[in-house]
Amino acid sequence: MLSYKKLYYDSIDKMAKKIADNFVAGSFISEEILKFINELYLSAKVEQSFKSSLFETAYHTPISSELEFYIARIFYHLSELKRKDWKILLRRQQGKTAPDIRIEGEDKTIAIIEVKAKAGWIQPFFSEQRYNVDKERFENGSSFDPDALIVKSRKQLTKYSETFDITNNDIFLFLPTLALVHRKKYNTSLEEYRSYFSKTSGFPEENLILLSEDKSLDLSLAIEGKELSPTRDFEKLLDKLLKK
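Residues numbered from 1 in each chain as written. Predicted model: local features only at pLDDT ≥ 70, side-chain atom pairs only at ≥ 80, totals over all residues. Heavy atoms only, no water.

1. A look at the pattern of salt bridges
Scanning all chains against the criterion turns up 13 salt bridges. Here Arg102 and Glu104 are joined by a salt bridge, their closest N and O atoms 2.7 Å apart. Of the two residues, Arg102 and Glu104, neither departs from the other in class, the shared state being buried. Each of Glu31, Glu32 and Lys35 takes part in one network of salt bridges that share partners. (Salt bridge = Lys/Arg side-chain N within 4 Å of Asp/Glu carboxyl O. Buried < 20%, exposed > 50% of the residue type's maximum accessible area, 1.4 Å probe, protein only.)

Take a look at the structure:
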């Protein structure tokens, strides 16, 4: 089993290196990352292939750990190609905190990237319309307190600045799409989502790294033939880090 698992992660690493190579060559890479994430979701549903009249499964394995590894290895290979000598720390704990990805340069932290596959469980942190719905429900006694959730989420992000002696400008939240955050009945624009994120997190708007402008794009579903509408957020993040 160990050898099979190693082959699986080797394949993820190979695809991460291809992304780094393409970026250094001057190509836009976000669309390819979106496609890869979709492939991760499809592979997570492999249990469905065992379905029979006597066996069914109703869920699939979360992709969070594979996605975090993939993004971390992109940073690693980019550092190798650009000879930055970054140290990439994936979920390594320090001072009772364990960022998803921490990048060190010259023995100091230069960036932290929190990676979210989806943001369904913290929707009020990203959507003011969702916040208003949950706030009304809470006041009527039938939901959780969205203010408490926002405070908790903000503390989780801002504690990194205290532990690693960096500013909010150096902490980023990577979220492929706004699926589960945006609803068809919402009229919130992408710019308004970014502005609200800045309000709830205390971070600059550009520190929300979205891969797609399509607010309803769900990468856990089939995307073949769809317009993925990639942003340039991730490319801008890489450019910013390379200047450090």
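2. Description of the layout of surface pockets
In this structure, the largest pocket occupies an estimated 210 Å³ of space. Looking at the largest pocket, the residues that line it are Lys84, Trp86, Gly105, Glu106, Lys108, Thr109, Ile110, Phe164, Asp165, Ile166 and Lys244. In terms of residues, the lining of the largest pocket owes the most to one element, strand β3 (residues 108-115), which gives three residues. Of the residues contributing to the lining of the largest pocket, the split by class is four nonpolar, two polar and five charged. (1 Å grid on protein atoms, 1.4 Å probe; cavity = no way out; pocket = protein on both sides within 12 Å on 5 of 7 lines; lining within 4 Å. Points joined across faces, edges and corners; volume = space filled by probe spheres on them. Helix = DSSP H or I, 4+ residues; strand = E, 2+ residues; numbered from the N terminus. Nonpolar A, V, L, I, M, F, W, Y, C, P; charged D, E, K, R; others polar.)

3. With respect to the pairing of β3
Extensive coverage of β3 is indicated by the burial of seven of its eight residues. With five bridges connecting them, strand β2 (residues 101-105) and β3 associate as antiparallel partners. Along β3, the bridge assignment pairs Gly105 with Lys108. As defined by bridge partners, β3 adjoins strand β4 (residues 171-175) across four bridges and the pair is classed as parallel. By the bridge assignment, Ile112 is partnered in β4 with Ile171. (Pairing = 2+ DSSP bridges.)

4. Focus: the sheet that holds β4
Pairing between the strands of a sheet comes from backbone hydrogen bonds, and it takes one of two forms, parallel or antiparallel. In spatial order, the strands read β1-β2-β3-β4-β5; together these five strands make up an open sheet with mixed pairing. Strand pairing shows two members of the sheet lacking a second neighbour, β1 (87-90) and β5 (208-210), which therefore form its edges. On average, adjacent strands in this sheet sit at an angle of 25 degrees to one another, irrespective of strand direction. Strands in contact with helix α3 (residues 64-82) are β1, β2, β3 and β4; relative to β1, the strand with the most contacts, it is inclined by about 175 degrees. (Axes fitted to C-alpha atoms, helices over the stretch in contact; angles between N-to-C directions. Contact = heavy atoms within 4.5 Å.)

5. Description of the nonpolar core
Ranked by internal contacts, the top residues of the largest apolar core, which has 44 residues, are Tyr70, Phe75 and Phe234. Of all the secondary structure elements, the ones that give two or more residues to this core are α1 (2-24), α2 (30-44), α3, β2, β3, β4 and α8 (233-242). Counting residues per element, this core draws most heavily on α3, which supplies eight residues. Ignoring any residue separated from it by four or fewer positions in sequence, one finds Phe75 in contact with Trp86, Ile88, Ile101, Ile103, Ile113, Phe234, Leu237, Leu238 and Leu241. Ranked by size, the runner-up nonpolar core spans 25 residues in total, among them Phe126, Val181, Tyr196 and Phe197. (Core = buried A, V, L, I, M, F, W, Y, C linked by side-chain atoms within 4.5 Å.)

6. Things to note about the environment of Leu67
Considering the arrangement of structural elements, one finds Leu67 in helix α3. For Leu67, a relative accessible area of 0% translates into the label buried.

7. Notes on empty space enclosed by the protein
Applying the stated criterion across every chain yields a total of one cavity of 30 Å³ or more. Together, Glu114, Lys116, Trp121, Ile122, Phe125, Ser153, Gln156, Leu157 and Leu173 line the largest cavity. Top element by residues in the lining of the largest cavity is helix α6 (residues 146-164). It accounts for three residues. Looking at side-chain class alone, the lining of the largest cavity contains five nonpolar, two polar and two charged residues.

8. Comments concerning unusual backbone geometry
A positive phi angle is found at Asp107, which is not glycine, with a value near 65 degrees. Mapping Asp107 onto the fold places it in the loop between β2 and β3. Residue Asp107 is classed as exposed on the basis of its relative accessible area, which comes to 78%. At Asp165, a position not held by glycine, the phi torsion is positive, near 55 degrees. You can see Asp165 is positioned in the loop between α6 and β4.

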